[in-house]
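Next come the chains, spelled out residue by residue.
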Amino acid sequence: MSKRRIYMDHAATTYVKPAVLEAMLPYFTENFGNPSSIHTTGQLARSAVDRAREQVAAAINALPQEIFFTGGGSESDNTALKGIAEAYAKKGNHIITTNIEHHAILHTCEWLEKNRGISVTYLDVDDKGRVTAEQVEAAIRPETILVSIMFANNEIGTIEPIAEIGAVCRKHGVLFHTDAVQAVGAVPVDVVAMNIDLLSMSAHKFYGPKGIGALYVKKGVRVPTFIHGGAQERGKRAGTENLPGIIGMGKAIELAVANMEESSKRVAALRDRLLKGILETIPDSRVNGDTEHRLPNNLNMCFRYIEGEALLLRLDLAGIEGSSGSACTSGSLDPSHVLLAIGLRPWFAAPNLGRRDDGRGRGLRACDPARNSENIARNVANI
Amino acid sequence: MSKRRIYMDHAATTYVKPAVLEAMLPYFTENFGNPSSIHTTGQLARSAVDRAREQVAAAINALPQEIFFTGGGSESDNTALKGIAEAYAKKGNHIITTNIEHHAILHTCEWLEKNRGISVTYLDVDDKGRVTAEQVEAAIRPETILVSIMFANNEIGTIEPIAEIGAVCRKHGVLFHTDAVQAVGAVPVDVVAMNIDLLSMSAHKFYGPKGIGALYVKKGVRVPTFIHGGAQERGKRAGTENLPGIIGMGKAIELAVANMEESSKRVAALRDRLLKGILETIPDSRVNGDTEHRLPNNLNMCFRYIEGEALLLRLDLAGIEGSSGSACTSGSLDPSHVLLAIGLRPWFAAPNLGRRDDGRGRGLRACDPARNSENIARNVANI
Amino acid sequence: MLYSERVMDHFEHPRNAGEIEDADGVGQVGNAKCGDIMRMYIKVDENENITDVKFKTFGCGAAIATSSMATELIKGKSIKEALKLTNSAVVEALEGLPPVKIHCSVLAEEAIKAAIDNYYQRKNGGEGVTVNDACAACEH
Amino acid sequence: MLYSERVMDHFEHPRNAGEIEDADGVGQVGNAKCGDIMRMYIKVDENENITDVKFKTFGCGAAIATSSMATELIKGKSIKEALKLTNSAVVEALEGLPPVKIHCSVLAEEAIKAAIDNYYQRKNGGEGVTVNDACAACEH
Ligand SMILES: Cc1ncc(COP(=O)(O)O)c(C=O)c1O
Ligand SMILES: Cc1ncc(COP(=O)(O)O)c(C=O)c1O
């Protein structure tokens, strides 16, 4: 890559922060032990895993024994939904979710409908992408075993009323899971205050490594074993622990939470300048989602008569990297289910140029909102 | 750690080789893209994943599209067994395995028996830990859908007659899975010549990183989706790819296979010197498992009247790190099911001092078999 | 990379983009739901040779590149030859397409056929544009 | 780490390891299948004070350390006091044990009780060793 590139796709994945990588490095080479081994090298690894579990727990106000490390956000989502459906099958067979969830939730729900006799209610969102606690309450039935509603949407950045939904679930004695993959590290998350019973997260969304995530399961909530074998993760997920990944996740979440308020403000201000520039320069452009309840690092726009991929390719040629829809479906033909759900016709392309940064990486500093909006405008005009 | 330590627990896990870590590093920081993203950073990641998949495939004589990356050996084992049980439920409900498999196989089998109506035959091994193809053939019934037999045992290092078993399975039209977690990178594995339909591996056993593994699934063999969500791993395992992990696994397997013959010889020679030293110095000591069909890097012994953990602790204090039983069960009270299966009474402790090394790490060079056997002898005497 | 260099070249510098005011045949394929719409304009001389061709495409990079390449492949050819154009010839000329994008080449083939169809219809007194809004790849 | 420093100290330097040839009571608990066997020897004076105690243990690090600590805790005490020894007192004195090893402290408590039992049996004319081979933690 000869040209300086501007990465605005932190919703898809982030790089690993230098401080995080530094924390991980010794665990590849020197302290590489198997945390289940009795000898010193093994026991040093064990202590490091314990410490990371505490870091992750602290970031969301959970207890260390409520954190189960997984291979990422999708695995956490799958484990939560399939696990609760299995463990609470005697109680009921109804799950409530929304129609803008990530595919890790939606496709799991479809599978549960087809293969496990689960009935799923997909709540409609409004034109900003929000559901209300009242909608959730109205959908609860005696046989409802789980409400699963994402904390923040990965395309349009809309934040759902999680605390209110949590209160409604608690009131009706229904378990509440939230896919907080986009929220953790970006906005405050408190599983106690928000009455959250299960929560999914993924380290590579907050400057941690890929291939490691966690599922929070409130003490007393039953989930069956997801991977059978050794006794790792208190018997729930067998397999030698991803030691450097766990250490990296612990460090990354600690840093993300420590800097959150300040970095959110800075990123949101830059985002708003970029938005203003684009709106002023590009006719028929508009912002999607909720401007009030929104991730500070998210920007999702549509440009009339512009097809998403074509714009992304052109922006990429100009050195600006964004996305349209979620990364997982970039290869697919279907228009984004999220944009359809908020009532957009598919020929409104919606590249997601949101980015999340702490000011130390390349994205933010390299990024001059005024120049970028012009650049984007030029490329929109070219198609 | 002030003292120079000698690590002899490579069956539990290995460190990451410098060349492997070096190959991984750019993918944490610079080439950190989401392989599903359309932009340049994403597409560079995609190419790197493709290359690693080719490296893994080549090492076992498979096609790249037959390799599915997973979170490790346990996940691969679970996916293989649960997947085949589900996909071939119409064909039958009988699985054949052995009683010395890793817990990732045994506990999955138990779960399938309890929850999915699967009937499992656990073949007995002989006093060296071997099954025969004839035993397998005799156990095959019309409703048998899968034979799952480990390539090499993780405690005693016995290598099973995989090619013969593969031939028998092919003859009877039964699918054949092998848990090759201990074998890949240590002995030649050829899925075509050996008629293997599914194969599990784990990178951290051959100097790759922890938290990444693969499942080989022969073209045409059906396995259902294991994690629902995005279209990663051809729709079988959703979730943003563990990019550095995948790169590391590719590099590690390439190195392991390239140096295999030479390094096997060197390690086996050292192992045999250590064994000789121990047998000569320690009364009532013997070697477990098969001396002919054995992993070159494995040594498993028993010392009469010596309890395993106590010996390991004492060796650890003396700077020698080994294991007794598998790492996954170090925390448990039960004596090793493998040693029970080969007819050892539990008070024959069996620390596994086997190690696998390519001569560049600390273990092998630091390790003087003569001195070590004396050291072990002294510690045995002390208990 | 997602696309070959040849595809990127035709995406960045599309050949024959635009409209022909007095076209002899106009065909349109695809639909908005599926995300791609291609419109082809052809000019045909008395010997049934295609003297000019232009396209307007709303769609992804591959849709633009296949439209561009398809017009290049039939420009100056006889209608008979143009009818022989297959989507795989377009893919080959572009040095390949990702599997999920093969449908774009089918669209390009169909757009040309729709334009030729329209040319014959007009010759027989018809007018307007031949529209085939079935989508080659999706079930929408 | 797996074990506290105190546990490691008692494992490396066990107090009161060995046998008492002319013991007044000998108790044994645990079994081979479970992996731990503990044998306790006590010497008791006319005032029912435990003047000497020794142990022989086949078992893991925790089994050795709990045996060692338990003997320390009862040495010089009266039998009445020794009977009050609980496994949690042993765990506490060792500054904790991992959850899977708590059963070792139960074994140590039971071994002492078996030795005292044996002392009373012998006083009433019995002989031999009191053996309790039930395992505190496992279902074997
Ligand atoms: C034979 C065998 N199978 C499976 C596994 C599980 O692999 P992992 O711990 O990477 O999940 C191991 C090692 O732990 C093993 O030795
Ligand atoms: C909201 C949401 N849920 C789940 C996921 C899946 O996470 P992962 O790709 O780490 O499995 C993602 C991102 O990919 C996401 O944005």
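Data block above holds the structure.
This report concerns the structure included in the present document.

What counts and how
- Residue positions are given per chain, counting from 1 as you read along its sequence in written order.
- As they are written, the chains are lettered A onward and the ligands numbered 1 onward, keeping that order.
- Confidence filtering applies because this is a predicted model: local features only for residues at pLDDT of at least 70, side-chain atom pairs given and counted only at 80 or more, and all residues used for totals across whole chains, interfaces and linings.
- Excluding hydrogens and water, the side-chain figures rest on all heavy atoms present in the structure.
- In what follows, residue pairs with any heavy atoms lying within 4.5 Å of each other are defined as contacts.
- Two parts placed together each lose some accessible area; with a 1.4 Å probe, that loss summed over both constitutes the buried area.
- Whenever Lys or Arg places a side-chain nitrogen within 4 Å of a carboxyl oxygen from Asp or Glu, that contact is recorded as a salt bridge.
- The term polar contact refers here to a pair of N or O atoms within 3.5 Å; inside protein, the definition further demands a hydrogen-donor-capable atom paired with an acceptor-capable atom, and it admits residues adjacent in sequence only when both atoms are side-chain atoms.
- Strands here are runs of E lasting at least two residues and helices are runs of H or I lasting at least four, both read from the DSSP assignment and numbered beginning at the N terminus.
- When residues are sorted by character, Ala, Val, Leu, Ile, Met, Phe, Trp, Tyr, Cys and Pro go into the nonpolar class, Asp, Glu, Lys and Arg into the charged class, and all the rest, Gly among them, into the polar class.
- One heavy atom within 4 Å of a molecule or strand makes the whole residue count as near it.
- Here the accessible surface of atoms and residues is derived via Shrake-Rupley with a 1.4 Å probe, and residues count as covered only by protein chains that are part of the display.
- Copy-to-copy superposition: least squares on the C-alpha atoms, limited to residues that have pLDDT of at least 70 in both copies.
- We call two strands paired when DSSP finds no fewer than two bridges between them.
- For every element, the axis is a line fit to its C-alpha atoms; helices are fit only across the contacting stretch, and the angle between N-to-C directions ranges from 0 to 180 degrees.

So, the interface of chain A and chain B
Part 1 of the reasoning: With 64 residues of chain A at the interface, the matching set in chain B holds 64 residues.
Part 2 of the reasoning: Summed over both sides, the interface between chain A and chain B buries roughly 5,400 Å², with carbon and sulfur atoms accounting for 59% of that surface.
Part 3 of the reasoning: Along the contact surface separating chain A from chain B lie zero salt bridges.
Part 4 of the reasoning: Across the chain A-chain B interface, the total number found is 30 residue pairs in polar contact (both at pLDDT 80 or more).
Part 5 of the reasoning: Elements that contribute at least two residues to the side of chain A that touches chain B include exactly α1 (18–24), α2 (26–29), α3 (40–59), α4 (73–87), α5 (103–115) and α10 (308–317) of chain A.
Part 6 of the reasoning: Across the side of chain A that touches chain B, the residue classes break down as 24 nonpolar, 26 polar and 14 charged.

Here's the deal with the site of ligand 1
Part 1 of the reasoning: With respect to spatial proximity, 14 residues lie near ligand 1, and among them A:Thr240, B:Ser74, B:Asp179, B:Ser202 and B:Lys205 are the closest.
Part 2 of the reasoning: B:Ser74 is positioned with one of its side-chain polar atoms (N or O) 2.7 Å from an oxygen atom of ligand 1.
Part 3 of the reasoning: Side-chain polar atom of B:His204 to an oxygen atom of ligand 1: 2.9 Å apart, as the coordinates give it.
Part 4 of the reasoning: Burial of ligand 1 by the protein chains amounts to 97% of its free accessible area of 390 Å².
Part 5 of the reasoning: Per-element tally for the shell around ligand 1: the top contributor is helix α4 (residues 73–87) of chain B, with three residues.

Some thoughts on the relation of the copies chain A and chain B
Part 1 of the reasoning: At an RMSD of 0.0 Å, chain A and chain B line up after a rotation of 180° and a shift of 0.0 Å along the axis. Each copy turns onto its partner about a two-fold axis. Relative to the rotation axis, the C-alpha of A:Gly71 is the closest in chain A, positioned 3.0 Å from it.
Part 2 of the reasoning: A share of 100% of interface residues in chain A that are also interface residues in chain B marks the association as one of identical surfaces.

Here we look at the sheet that holds strand β4 (residues 130–132) of chain C
Two modes of strand pairing occur in sheets, parallel and antiparallel, and in both the strands are linked by backbone hydrogen bonds.
Residues and elements named next belong to chain C.
Part 1 of the reasoning: The strand order across the open sheet built from four strands is β3-β2-β1-β4, with neighbouring strands paired in mixed fashion. Across the chains shown, the open sheet's two edge strands, defined by having one partner strand only, are β3 (50–58) and β4. Taken over all neighbouring pairs, the strand axes of this sheet differ in orientation by 15° on average, direction set aside.
Part 2 of the reasoning: Relative to β3, strand β2 (residues 36–44) runs antiparallel, the two being bridged by eight bridges.

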